[in-house]
Amino acid sequence: MARIPVYEPFLGGNVSAYVNECLTTGWISSRGAFISRFENAFAEYVGAEQATSVANGTVALHLALEALGIGAGDEVIVPSFTYVASINTILQTGAKPVYVDSLPDTLQVDPHAIRNAITPKTRAVMAVHLYGHPCDMDAIPALCRENDLLLIEDCAEGFGTRWKGQHVGRFGDAATFSFFGNKTITTGEGGMVLARSADVMDRCRRLKSQGVSLDREYWHDMLAYNYRMTNIQAAIGLAQLEIADSLLGQKKIIAQSYKQALAGLPLQTHEPIGPVDHSFWMCSLLVDDPTQRDPLRRHLAENEIETRPFFSPAHLMPHCRADITLPIAENISARGINLPSYPGLTPEQLERICDAVASFFRSNLR
Ligand SMILES: Cc1ncc(COP(=O)(O)O)c(C=O)c1O
């Protein structure tokens, strides 16, 4: 029985041709034509004016926070139920993450919890669009405007995700994406930053490249980083972007198959709620009874089906612990499983996965 992984990138289209072009022309580092081609094509795809590429989605977040001037003494409101990079990058700036709870159906940050967490020290909100579903992009930007707070969108998991037809990343003061190998479009490792203001965008470009002066060679006038993407990564990214709509379409079909085949079992699938386009970065299910989550994962593993548990809430992790209880985050984290979600999954593989989930519940109900 062949093992079914949670994810595998689809590297068709022009990937090989573009990468070979980098190799044959020698443009393998962070200069070369593919960088601006990928940045421009990405900006156009999401409807932004500009985008700047970086080495991965974590440094994208750090760069965005730094470019917005967030640092020591600031509080940043963030869902505890997120991937740890959202939290680590806030801590790396010297700011304090203030954890809030999430919503049980969309799995996204709860706007009411954000409102209740605002203090005089609050500088920003980080909205994380998790597993391909958007956060409430009416309520959260409105809250930020009313309270004069910056909004950062962590769209690492939100490529192809839309709120009222508008791509995520267009609502905040800055937004970031990840192109890790398991993302809907990948560059191996890679990321992208968008910013609303041209000044913030300029700061991102300078900060990611050692703060080099624009008019004097090897003159650096700010503490900065090397967070640049390579031309090879950008070549892969451009080829991925060319087939993005078909990858997203395929993932939607897969999510629909899971929804139909798993209906009636003691679980919920992660469905779109509200005026949204769910991009199904991950197809997820939440078992009704949290004690069944790990046994179900073991049963699937015995059937050569790889799954992932949902993220653990950050407020429970040793290096960023907070002595609070966030009941929804803790509950969904304990009940959630990401299923195989890559666009190349065949109908036969999907049937095998759904049969294995159903057989687990059949044998447990007996
Ligand atoms: C929500 C979220 N933020 C940030 C990141 C960091 O991206 P990267 O792994 O490219 O550094 C990820 C990665 O999966 C993520 O899921």
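Residues numbered from 1 in each chain as written. Predicted model: local features only at pLDDT ≥ 70, side-chain atom pairs only at ≥ 80, totals over all residues. Heavy atoms only, no water.

Caption draft 1: Spatial organisation of the overall build of the protein chain. On a plain count of helices and strands, the protein chain comes out with 12 helices and 14 strands. For 366 residues, the compact-globule estimate of 2.2 N^0.38 gives 21 Å, and the C-alpha radius of gyration of the protein chain, at 21 Å, lies within 12% of that figure. Taken along its principal axes, the extent of the C-alpha atoms in the protein chain is 75 × 55 × 35 Å. Counting the 366 residues in the protein chain, one finds 56% classified as buried. (Helix = DSSP H or I, 4+ residues; strand = E, 2+ residues; numbered from the N terminus. Rg over C-alpha atoms; globule rule 2.2 N^0.38 Å. Buried < 20%, exposed > 50% of the residue type's maximum accessible area, 1.4 Å probe, protein only.)

Caption draft 2: Representation of the domain arrangement of the protein chain in the model. Each assigned domain of the protein chain is listed with its residue range as follows: domain 1 (15-242) and domain 2 (245-364). Centre-to-centre, using C-alpha coordinates, domain 1 lies 25 Å away from domain 2. Residue-level contacts link 36 residues of domain 1 with 38 residues of domain 2. Carbon and sulfur atoms make up 64% of the surface buried where domain 1 meets domain 2, a total of about 3,100 Å² over both sides. (Domains from an automatic or database assignment. Contact = heavy atoms within 4.5 Å. Buried area = accessible area lost by both parts, 1.4 Å probe.)

Caption draft 3: Molecular detail of the pattern of salt bridges. Per the counting criterion, the structure on display carries 7 salt bridges. Salt-bridge contacts for Lys 208 lead to Glu 39; the nearest nitrogen and oxygen are separated by 3.6 Å. Here the residue Lys 208 occupies a position in the loop between helix 7 (198-207) and helix 8 (231-242), and Glu 39 occupies one in helix 2 (residues 33-46), the gap between them amounting to 169 residues. The burial state of Lys 208 is the same as that of Glu 39; both residues are buried. Across the pair Glu 146 and Arg 115 runs a salt bridge, and its minimum N-O distance is 3.6 Å. With a gap of 31 residues between them, Glu 146 in helix 6 (residues 139-146) and Arg 115 in helix 5 (residues 111-117) connect regions that are remote in the sequence. Judged by relative accessible area, Arg 115 falls into the partly exposed class, the value being 44%. (Salt bridge = Lys/Arg side-chain N within 4 Å of Asp/Glu carboxyl O.)

Caption draft 4: Fine view of the packing of helix 3 (residues 57-67) against helix 4 (residues 84-92). Close contact between helix 3 and helix 4 brings their axes to 9 Å; oriented N to C, the two are set at 40°. What the angle tells us is that helix 3 and helix 4 run oblique. Handedness of the helix 3/helix 4 crossing: right-handed. Contact residues: Thr 58, Leu 61, His 62 and Leu 65 in helix 3; Ala 85, Ser 86, Thr 89, Ile 90 and Gln 92 in helix 4. Class assignment of the residues belonging to the contact of helix 3 with helix 4 gives a composition of 4 nonpolar, 5 polar and no charged. (Axes fitted to C-alpha atoms, helices over the stretch in contact; angles between N-to-C directions. Parallel < 35°, antiparallel > 145°, perpendicular 65-115°, else oblique. Left-handed = near helix turned anticlockwise from the far one by under 90°. Nonpolar A, V, L, I, M, F, W, Y, C, P; charged D, E, K, R; others polar.)

Caption draft 5: Structural context of the site of the ligand. Taken together, 13 residues sit near the ligand, with Thr 58, Asp 154, Glu 157, Ser 178 and Lys 183 positioned nearest. One of the backbone nitrogen or oxygen atoms of Gly 57 is found 2.8 Å away from an oxygen atom of the ligand. With respect to the ligand, the side chain of Thr 58 contributes an N or O atom lying 2.5 Å from an oxygen atom. In terms of residues, the shell around the ligand owes the most to one element, helix 3, which gives 3 residues. Across the shell around the ligand, the residue classes tally to 5 nonpolar, 5 polar and 3 charged. (Near = heavy atom within 4 Å. Polar contact = N/O pair within 3.5 Å; in protein donor to acceptor, adjacent residues only side chain to side chain.)

Caption draft 6: Summary view of unusual backbone geometry. In this model, Asp 148 sits at a positive phi of 55°, which is unusual for a non-glycine residue. Backbone geometry at Glu 304 places phi at a positive 60°, although glycine is not the residue there. As for its position among the elements, Glu 304 is in the loop between helix 10 (293-302) and strand 13 (308-309).

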